[in-house]
Amino acid sequence: MSQFVVGVSGGIGSGKTTVTNAFAKLNVDIIDADVISRDVVAPGTKGLRAIVEKFGSGILDQGQCLNRRALREIIFSDEQAKSWLNALLHPLIRQETLRQTMDATSAYCMLSVPLLVENGSYKNVDRVLIVDVPESTQVTRSMARDKAEEALIKSIMASQASRQQRLEVADDVIDNSGNESELSKQVLALHQRYLQFANAVAQS
Ligand code: ADP
């Protein structure tokens, strides 16, 4: 098990995935909350079985996978269904996150959580790393990556914590407003720092 867990977050388009990919190349185990939240409702899971029992098989797409859009529409207009779904998924996600954290073997591991600040899980990690860019950069990079309209990106940003709220809980900040080589220098420096923290914990 890794002795030290770094939680990573940032708003849409800030560069979380780019940053965690760079740490993964340094052999740091990455636990991705987005992937876990999809895995717990994959075909054959008890999560998906419970959802089908509750909402009927119409909630599946033709490939027997969860139709996320249909589910989103249901919970958008039905508070009770939303609470039911949260009560089902949160423990499953928590359990799987814990399992992967226990299984991590790198000196320290990273837990990437898009809503780390919003859902309070920054309190459960040893260190919080925020990937930060100006909002205008979030918009341009997300639009280019997702081929999405500016209004959509801005509405997602409005539903997330503000830049200021994220920076307030940060122990470390990566400024990703520059180019990829500037990013990689910051990643290397933080990697050395996190190795030292992990060593100190291992020796204590
Ligand atoms: P997030 O996971 O936070 O939504 P991504 O890592 O997907 O963000 O980055 C958003 C987009 O910006 C991607 O297309 C990525 O390749 C690009 N990107 C990330 N960092 C940089 C950078 N320093 N310079 C230029 N483009 C970048």
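For clarity, every value in this text was computed on a predicted model and none was experimentally measured. (Residues numbered from 1 in each chain as written. Predicted model: local features only at pLDDT ≥ 70, side-chain atom pairs only at ≥ 80, totals over all residues. Heavy atoms only, no water.)

**Some words on the environment of Gly44**
Phase 1: One can find Gly44 in the loop between helix H2 (33–39) and helix H3 (46–55).
Phase 2: Its relative accessible area of 67% is what places Gly44 among the exposed residues.
Phase 3: For the pair formed by Gly44 and Met157, sequence separation is 113 residues and the distance between their alpha carbons is 33 Å. (Helix = DSSP H or I, 4+ residues; strand = E, 2+ residues; numbered from the N terminus. Buried < 20%, exposed > 50% of the residue type's maximum accessible area, 1.4 Å probe, protein only.)

**Considerations on a positive patch on the surface**
Phase 1: A cluster of basic side chains, namely Arg38, Arg68, Arg69 and Arg72, defines a positive patch on the protein surface.
Phase 2: When residues of the positive patch are assigned to their parent elements, the largest contribution, three residues, is made by helix H4 (residues 68–77).
Phase 3: As for its position among the elements, Arg38 is in helix H2.
Phase 4: Relative accessible area serves as the criterion here: at 44%, Arg38 is assigned to the partly exposed category. (Patch = residues over 30% accessible without salt bridge, like charges linked within 9 Å, V, L, I, M, F, W, Y side chains within 5 Å. Areas by Shrake-Rupley, 256 points an atom, 1.4 Å probe, with all protein chains shown as cover. Salt bridge = Lys/Arg side-chain N within 4 Å of Asp/Glu carboxyl O. Lys, Arg positive; Asp, Glu negative; His and termini not counted. Charge placed at Lys NZ, Arg CZ, Asp CG, Glu CD.)

**Quick word on the environment of Ser162**
Phase 1: Here Ser162 shows up in the loop between helix H7 (150–159) and helix H8 (163–169).
Phase 2: We classify Ser162 as partly exposed; its relative accessible area is 31%.
Phase 3: Sequence-wise, Ser162 and Gly11 are 151 residues apart; in three dimensions their C-alpha atoms are separated by 8.1 Å.

**Some words on the pairing of strand S4 (residues 127–132)**
Phase 1: Within S4, six of the six residues are buried, which leaves it mostly tucked inside the rest of the structure.
Phase 2: What you see with S4 is no split at all: Arg127, Leu129 and Val131 on one side and Val128, Ile130 and Asp132 on the other are buried throughout.
Phase 3: Both strand S1 (residues 4–9) and S4 contribute to a ladder of four bridges, which runs parallel. Bridge pairing in S4 places Ser9 opposite Ile130.
Phase 4: In this structure, S4 lies alongside strand S5 (residues 172–175), joined through four bridges in parallel fashion. Among the inter-strand pairings, Leu129 is bridged to a residue of S5, identified as Asp172. (Pairing = 2+ DSSP bridges.)

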